[in-house]
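Inside the fold
In case you want the letters, here they are:
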Amino acid sequence: MTRVVSFRKKRRYFIRSERHYRFMHSPWAGGVVLVIFAVLAIILANVDATKEFYHHVLTSDFTIGFKNFNITRNVEQWINDGLMVIFFFYVGLEIKREIIAGQLSNVKQAVLPIAAAIGGMIVPALIYMIFNNGGVYESGWGIPMATDIAFALGILSLLGNRVPISLKIFLTALAIVDDLGAILVIALFYSTDINFAMLAIAAIVFVILILLNRFNVYKMRYYLIPSIVLWLLFLHSGIHATIAGVLIAMTLPSTPRFSKKYYLYKTRYFISEFKHYDREGVEVLGNPRQLRTLMTNRLVTANAISPSQRLEYSLHHFVAFFIMPVFALANAGVEISTFGDLHVLGNHQGLGIFLGLVVGKPLGICLLSWLVIKLGWGALPPGATWKSLIGVAILGGIGFTMSIFIDNLAFNDSLYVASGKIAILIASVSAAFIGLIYMSSFFGKRHENER
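1. Brief notes about the overall build of the protein
A tally of regular secondary structure across the protein gives 17 helices and two strands. The 451 residues of the protein split such that 46% are buried. Long-range contacts, defined as pairs at least 24 residues apart, comprise 79% of the intrachain contacts of the protein with a sequence gap of at least 6.

2. What about a nonpolar patch on the surface?
Judged by side-chain polarity, Trp370, Leu371, Leu375, Trp377 and Trp386 come together as a nonpolar surface patch covering roughly 540 Å² of accessible area. Its location among the elements puts Trp370 in helix α14 (residues 348-374). Relative accessible area serves as the criterion here: at 45%, Trp370 is assigned to the partly exposed category.

3. Brief notes about the environment of Tyr54
With respect to the helices, strands and loops of the structure, Tyr54 is situated in helix α3 (residues 48-59). Dropping the residues within four chain positions of it, Tyr54 is found in contact with Ala41, Leu44, Ala45, Leu329, Ala330, Asn331 and Gly333. Of the polar contacts made by the side chain of Tyr54, one reaches the backbone oxygen of Leu329; its length is 2.5 Å.

4. Remarks on the pairing of strand β2 (residues 70-74)
With five bridges connecting them, strand β1 (residues 61-65) and β2 associate as antiparallel partners. Counterpart to Asp61 in the pairing with β2 is Asn74. The hairpin formed by β1 and β2 contains four residues between the paired strands.

5. Considerations on unusual backbone geometry
As a rule of thumb, non-glycine residues mostly have phi less than zero, and peptide bonds are mostly trans rather than cis. Its identity as a non-glycine residue notwithstanding, Asn216 has a phi of 60°, on the positive side. Within the secondary structure layout, Asn216 lies in the loop between α8 (196-214) and α9 (221-235). The class of Asn216 is exposed, set by a relative accessible area of 53%. Of note in the backbone geometry, Phe400 takes a positive phi value of approximately 45° without being a glycine. As for its placement among the helices and strands, Phe400 is situated in the loop between α15 (386-395) and α16 (401-410).

6. A look at the environment of Asp81
In this fold, Asp81 is placed in helix α4 (residues 75-101). Sequence separation between Asp81 and Trp231 is 150 residues, and the spatial gap between their C-alpha atoms is 9.5 Å. Not counting the four nearest positions on each side in its chain, Asp81 is found in contact with Arg73, Trp231, Leu235, His240 and Ala241.

7. A few points about helix α7 (residues 165-189)
An ideal rise of 1.5 Å per residue puts 36 Å on 25 residues; α7 measures up with 36 Å between its terminal C-alpha atoms. Summarising burial for α7: 19 of the 25 residues are buried, a large majority.

8. Description of the pattern of salt bridges
Side chains carrying opposite charge are able to pair once their charged atoms draw close together. Taken as a whole and judged by the stated rule, the model has five salt bridges. A salt bridge links Glu98 to Arg97, with the nearest nitrogen and oxygen atoms 3.1 Å apart. Under the relative-accessibility criterion, Arg97 is labelled partly exposed at 30%. Overlapping salt bridges bring together Asp48, Lys51 and Glu335 as one network.

9. Here we look at the environment of Pro325
You can see Pro325 is positioned in helix α13 (residues 307-331). Sequence spacing of Pro325 and Phe37 is 288 residues, and the spatial spacing of their C-alpha atoms is 5.6 Å. Residues in contact with Pro325, not counting those within four places in the same chain, are Val33, Leu34, Phe37, Val319 and Ala320.

10. Here we look at the side chain of Thr293
Inspection of the secondary structure puts Thr293 in helix α12 (residues 288-303). Note on Thr293: relative accessible area 7%, which makes it buried. In contact with Thr293, other than residues within four places in its own chain, are Phe270, Glu273 and Phe274.

11. Looking at the packing of α7 against α16
Two quantities define a packed helix pair, namely the angle between the axes and the distance from one axis to the other. Closest axis-to-axis distance for the α7/α16 pair is 11 Å, and the angle between their directions is 5°. Considered as vectors, α7 and α16 are oriented roughly parallel to each other. Along the contact surface, α7 presents Asp179, Ala182 and Ile186, while α16 presents Met402, Phe405, Ile406 and Leu409. Of the residues belonging to the contact of α7 with α16, the class tally is six nonpolar, no polar and one charged.

Cut-offs used in this document
- Residues numbered from 1 in each chain as written.
- Predicted model: local features only at pLDDT ≥ 70, side-chain atom pairs only at ≥ 80, totals over all residues.
- Heavy atoms only, no water.
- Helix = DSSP H or I, 4+ residues; strand = E, 2+ residues; numbered from the N terminus.
- Buried < 20%, exposed > 50% of the residue type's maximum accessible area, 1.4 Å probe, protein only.
- Contact = heavy atoms within 4.5 Å.
- Patch = residues over 30% accessible without salt bridge, like charges linked within 9 Å, V, L, I, M, F, W, Y side chains within 5 Å.
- Areas by Shrake-Rupley, 256 points an atom, 1.4 Å probe, with all protein chains shown as cover.
- Salt bridge = Lys/Arg side-chain N within 4 Å of Asp/Glu carboxyl O.
- Polar contact = N/O pair within 3.5 Å; in protein donor to acceptor, adjacent residues only side chain to side chain.
- Pairing = 2+ DSSP bridges.
- Expected span 1.5 Å × (residues − 1).
- Axes fitted to C-alpha atoms, helices over the stretch in contact; angles between N-to-C directions.
- Parallel < 35°, antiparallel > 145°, perpendicular 65-115°, else oblique.
- Nonpolar A, V, L, I, M, F, W, Y, C, P; charged D, E, K, R; others polar.

Encoded structure:
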């Protein structure tokens, strides 16, 4: 009886573990968690019992350092200038991987997502400027340019296997180029009071990181101190500190120390060595040679993965389930005093953001994609049609994370920042809803016809 109970407990444990693993590795999980924390932030910022505490925590100062060498920022600034550096570092690793071995590594494959991303940045910015050129909201033109890859892929993944994998790859590549564009916009147009002396020192530190790469330094501890110094220099340079994260990512080795061929050869040797010293019926490693073989094999396996790829894999869950939710919790908490605050579409700022994301994004993506294909420079992803590409373009209007980030940089007035966030939330939800309805009807009908 005891054995039966024990077996049932183990079975339940493994079932829970399997469900947890599937959720954590599903492409929509990060988007779900992000939505939950964004809703939580809005609740905390508007409920009388919590809003004072919520704003008090975000505005509380936090100091890191020593007596004569320290940095003091409030919690919200630490999240946006510190924690988000890791997010941008992760984005930099994704961009580098795509350029080296992904969708952007082949010129013919890369042309379409690059063109689509450029169209999806230019047209929304132009639509925004139509409403706000010369006005008080003019500096927010970069807000509708961004696509939130976690949300967009999450919505697309809800349709399961009905969506061709080529479309998901196209959307990923498009969003990565879009992120690169947003990074450049932040660096070039949302940087103020630039300290060129700090930038000159930062350039020297960046060269040191490049030299570490060129001299095949694979141990990450040697990159740590120069990376921290680079972040500190950017923090005081006038260019947003998160750009340092992208630059650091670009300097890390992207090729493994050991090749695939060498790894396979050594693995076969280690298996043979392990079997040679094995004692049948004994589970404990009694022979020290066996232990040494396993430890050496672990080192070889670790060095068969490049440092940049290993870090990208390790950081995925930390970014998706901690950094982005914390960012949403700190930045999506907009206080809505009256229903009048929801009428953001009644002013030029709200109209520019909403129409930029919901109309401008799909329009720009489709126009530039059509032009590239018409000129013969690219082709539709395998298994995709123009109707399905339009659905993906609509999902490109989900801005959220990067749009909110740019909104924080674009305006000095807290009222403009708040109204911008409300417009971003409304536009992102609208784009997600329209895209999901459109894609569900399209792929649902196609699936029924195939059956």
